Amino acid sequence: MQSFMFILLTIVTLFSALMVVTRKNPVASILYLVLVFFCFAGFYVMLGAQFLAAIQIIVYAGAIMVLFLFVVMLLNLRDMDNVEGKPNAWQNLGIFAGIGMGLVILAYLSGSPGMSIAPVGNNPEVYAMGSAKYLGKALFMDFVLPFEIAGVLLLAAVVGAVALAKKKRA
Amino acid sequence: MTETIAFLIEKSIVAAGFFVVVLGVVAYATLGERKIAGYFQDRHGPNRAGPWGILQPIADGVKFFAKEDFIPDRADKILFVIAPTFTFMAAGFIMAVIPFGDRLTIFGREVLLQIADINIGILYILAISGLGAYGIVIGGWASNNKYSLMGGIRTSGQLISYEIAMGLAIVALLLDHGTMSLRTIVMQQSGAIWHWSVFTHPIGFMIFLVSAFAEASRMPFDLPEAENELVGGYHTEYSSMKFGLFQFGEYTHMTLASGLIITLYFGGWSIPFVPIPENPGILWGLLTFCAFWAKTLLMMFVFMWVRWTLPRFRYDQLMNLGWKKLIPLGIFNIVLTAGLLLVFQSMGLTN
């Protein structure tokens, strides 16, 4: 049952991810990206991390992608027909970087035979680890310094955004 | 194995039953809204179809199906069709975690009157209601109409802004309850009436109520379909049952938002001053079910009351209220709640 779900999710994820980069219409791309995030949430649930799955949907599918949609609709981009001709130097570089990254991942996977994403089944201990309680304890006891630093960083980013957006009074 | 099958059958019946009840309430909410609007404006409201107009929802349904189904020429056909379905679906999914009642014993089985009591219930609701925006935004965009697009853009801005305020109100509530399971939250509010969260979290309740109005795009926050500036907003180009589904989705959202407010702040299905029995019979289950709906219908009346009393906000006022008032207030509420909890705990008082 779980391996069947895993294969189904994988197929949908890969298909939607392919659709994200091949669609000419930016709105369609965004909607496929939302589907990809949904599948990720599905994987998290299968790994026993329900809390992470919910956060994934709230933050990515519910907030960030709505913002993306907001911006695309404001710019009112229709089909990107004007993107044609030979790829420029940057795009060539991007293709090389992508192939290189794929090779690195492939080498890593082939080097570690024991690595696989095993479904957790009904192991209650693993499920407890995915709960908000466990995550909260880990964040505020073992990783409190990185957590606080990340918080300060975000605050700085928010202040920076406000400073940039604020118009100077003449 | 038989236990699994019995479980599946039980859950299917419960889910189907709730679906029918919710849809019935939603259908009659449309009639109730028009009746209430009528009384507010000193007229009768619909009274032609059956006595007191009780057949009006059926007449409306037939009418929706009989109208011409029109798709604009330059619209994005697929997204145009998906959008209303998505709106309705996202609203309906919330149903899965709302506790409609306590347990009841029937045929020797203890049946939980809730489709799924998951341990991240509140987060699930936040996640699903965040998705509700897509239906409206996509519908507005796919129509290929300036007014629809304006409605869609307003929706995305409005929902993102008020979702933050709603989340902050919920965080304060979670600090107190220490759980995200909606059933446990209801159990903790049972007993005396002052256990209700509305008395222990008055600021959070106000924030949540205002955000719930905005999330459901109800007056005074119905900017996405402000008819005197945007024709019909996101559903300008929609006709027939596609428009009907948008309307139906909106009322479903309002019904379940009322149910959620009741669950979080008014003790859900619990009956004040009545303890939860060890071995519930059928009667107890039905009583809690009725208690839940009685409270929810009252809350829905508040939604309609506000709609026919207050004028609409301007869009900049809406953003001001969301970002400059509700969010700072929400953060203040979290700090206040955490501080009070610390004081109570150090004094050795629980709750």
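Residues numbered from 1 in each chain as written. Chains lettered and ligands numbered in written order. Predicted model: local features only at pLDDT ≥ 70, side-chain atom pairs only at ≥ 80, totals over all residues. Heavy atoms only, no water.

> Teacher, can you tell me more about the overall build of chain A here?
Of regular secondary structure, chain A possesses seven helices and zero strands. Element order for chain A, N to C, with α for helix and β for strand: α-α-α-α-α-α-α. Within chain A, the proportion of its 170 residues that are buried is 24%. (Helix = DSSP H or I, 4+ residues; strand = E, 2+ residues; numbered from the N terminus. Buried < 20%, exposed > 50% of the residue type's maximum accessible area, 1.4 Å probe, protein only.)

> Which parts of the structure should I look at to understand the overall build of chain B?
Within chain B, the secondary structure is distributed over twelve helices and two strands. Listing every helix and strand of chain B by position from the N terminus yields α-α-α-β-β-α-α-α-α-α-α-α-α-α. Relative to the 2.2 N^0.38 estimate, which gives 20 Å for 351 residues, the radius of gyration of chain B is 21 Å and therefore close to what a compact globule would have. Here the C-alpha coordinates of chain B stretch approximately 65 × 50 × 50 Å along the principal axes. (Rg over C-alpha atoms; globule rule 2.2 N^0.38 Å.)

> Would you explain the interface of chain B and chain A in this entry?
Quite often, the size of an interface is put as the accessible area lost when its parts meet. In this assembly, 23 residues from chain B lie in contact with 24 residues from chain A. Between chain B and chain A, a total of about 2100 Å² is buried, with carbon and sulfur atoms accounting for 78% of that surface. Seen at the junction of chain B and chain A, the total is one residue pair in polar contact (both at pLDDT 80 or more). Listed by contribution, the elements that provide at least two residues to the side of chain B that touches chain A are α4 (121–142) and α5 (146–177) of chain B. Taken together, the residues of the side of chain B that touches chain A sort by class into 15 nonpolar, six polar and two charged. (Contact = heavy atoms within 4.5 Å. Buried area = accessible area lost by both parts, 1.4 Å probe. Polar contact = N/O pair within 3.5 Å; in protein donor to acceptor, adjacent residues only side chain to side chain. Nonpolar A, V, L, I, M, F, W, Y, C, P; charged D, E, K, R; others polar.)

> It is not clear to me how the packing of aromatic side chains should be interpreted in this structure. Could you clarify?
All names here are of chain B. As enumerated under the stated definition, the model contains 18 aromatic pairs over all chains in all. Here Phe-88 and Phe-248 contribute two aromatic rings whose centre-to-centre distance is 5.8 Å and whose plane-to-plane angle is 45°, an arrangement assigned as tilted. You can see Phe-88 sitting in helix α3 (residues 77–93) and its partner Phe-248 sitting in helix α10 (residues 240–265), a full 160 residues away along the chain. Assessed through its relative accessible area of 23%, Phe-248 is described here as partly exposed. Relative to Tyr-265, the ring of Phe-208 has its centre 5.5 Å away and its plane inclined at 50°; by these criteria the two rings are tilted. Taken as a pair, Phe-208 in helix α8 (residues 202–215) and Tyr-265 in helix α10 lie far apart in primary sequence, 57 residues in all. (Phe/Tyr/Trp six-rings, centres within 6.5 Å; stacked < 30°, edge-to-face > 60°.)

> Just checking my understanding: could you explain the side chain of Ser197(B) for this structure?
As for its position among the elements, Ser197(B) is in helix α7 (residues 197–200). In contact with Ser197(B), other than residues within four places in its own chain, are Leu173(B), His177(B), Gln189(B), Pro202(B), Leu264(B) and Tyr265(B).

> Is there a simple way to think about empty space enclosed by the protein in this case?
It is a probe the size of a water molecule, rolled over the atoms, that shows where empty space is left. Residues and elements named next belong to chain B. One pass over the structure, following the stated rule, counts two cavities of 30 Å³ or more. By volume, the largest cavity is sized at about 160 Å³. Together, 18 residues line the largest cavity, and Thr-87, Ile-136, Glu-215, Glu-250 and His-253 are the ones closest to its centre. Of all the secondary structure elements, the ones that give two or more residues to the lining of the largest cavity are α3, α4 and α10. (1 Å grid on protein atoms, 1.4 Å probe; cavity = no way out; pocket = protein on both sides within 12 Å on 5 of 7 lines; lining within 4 Å. Points joined across faces, edges and corners; volume = space filled by probe spheres on them.)

> Sorry, what's going on with the pattern of salt bridges here?
Two side chains bearing opposite charge may form a pair once their charged atoms approach each other closely. All names here are of chain B. Summed over all chains, the structure comprises three salt bridges over all chains. For Asp-60, the salt bridge goes to Arg-34, with nearest N and O atoms at 3.0 Å. Separated by 26 residues along the polypeptide, Asp-60 in helix α2 (residues 56–66) and Arg-34 in helix α1 (residues 2–40) bring together distant segments of the chain. The class of Arg-34 is partly exposed, set by a relative accessible area of 36%. A salt bridge links Arg-314 to Asp-316; the shortest N-O distance between them is 2.9 Å. (Salt bridge = Lys/Arg side-chain N within 4 Å of Asp/Glu carboxyl O.)

> Even after reading the chapter, I still don't get the pairing of strand β2 (residues 109–112) of chain B, so can you show me in this structure?
Two faces belong to every sheet, and in a regular strand the side chains alternate between them. All names here are of chain B. Inspection of the sheet shows strand β1 (residues 103–106) paired to β2 by four bridges, in the antiparallel sense. Paired with Ile-106 across the two strands is Arg-109, which belongs to β2. The hairpin turn running from β1 into β2, its antiparallel successor, is two residues long, and Phe-107 in that turn takes a positive phi close to 55°. (Pairing = 2+ DSSP bridges.)

> Can you walk me through the nonpolar core in this structure?
Nonpolar side chains tend to gather and get buried jointly when the protein is soluble and globular. Residue and element names in this part refer to chain B. With 105 residues, the main nonpolar core has Phe-100, Tyr-134, Phe-208, Ile-261, Leu-264 and Tyr-265 as its most contacted residues. Broken down by element, the residue count for this core peaks at 14 residues, all from α4. Apart from the residues within four sequence positions on either side, Ile-261 is in contact with Phe-205, Phe-208, Leu-209, Ala-212, Phe-266, Met-299 and Phe-303. (Core = buried A, V, L, I, M, F, W, Y, C linked by side-chain atoms within 4.5 Å.)

> What exactly am I supposed to notice about the packing of α5(B) against helix α12 (residues 315–346) of chain B here?
Describing two packed helices takes the angle between their axes plus the distance from one axis to the other. Residue and element names in this part refer to chain B. Between α5 and α12, the least distance of the axes is 8 Å, while the angle of their chain directions is 10°. Considering the angle they form, α5 stands roughly parallel to α12. When you trace α5 past α12, the crossing you get is left-handed. When grouped by side-chain class, the residues that make up the contact of α5 with α12 number 19 nonpolar, seven polar and two charged. (Axes fitted to C-alpha atoms, helices over the stretch in contact; angles between N-to-C directions. Parallel < 35°, antiparallel > 145°, perpendicular 65-115°, else oblique. Left-handed = near helix turned anticlockwise from the far one by under 90°.)

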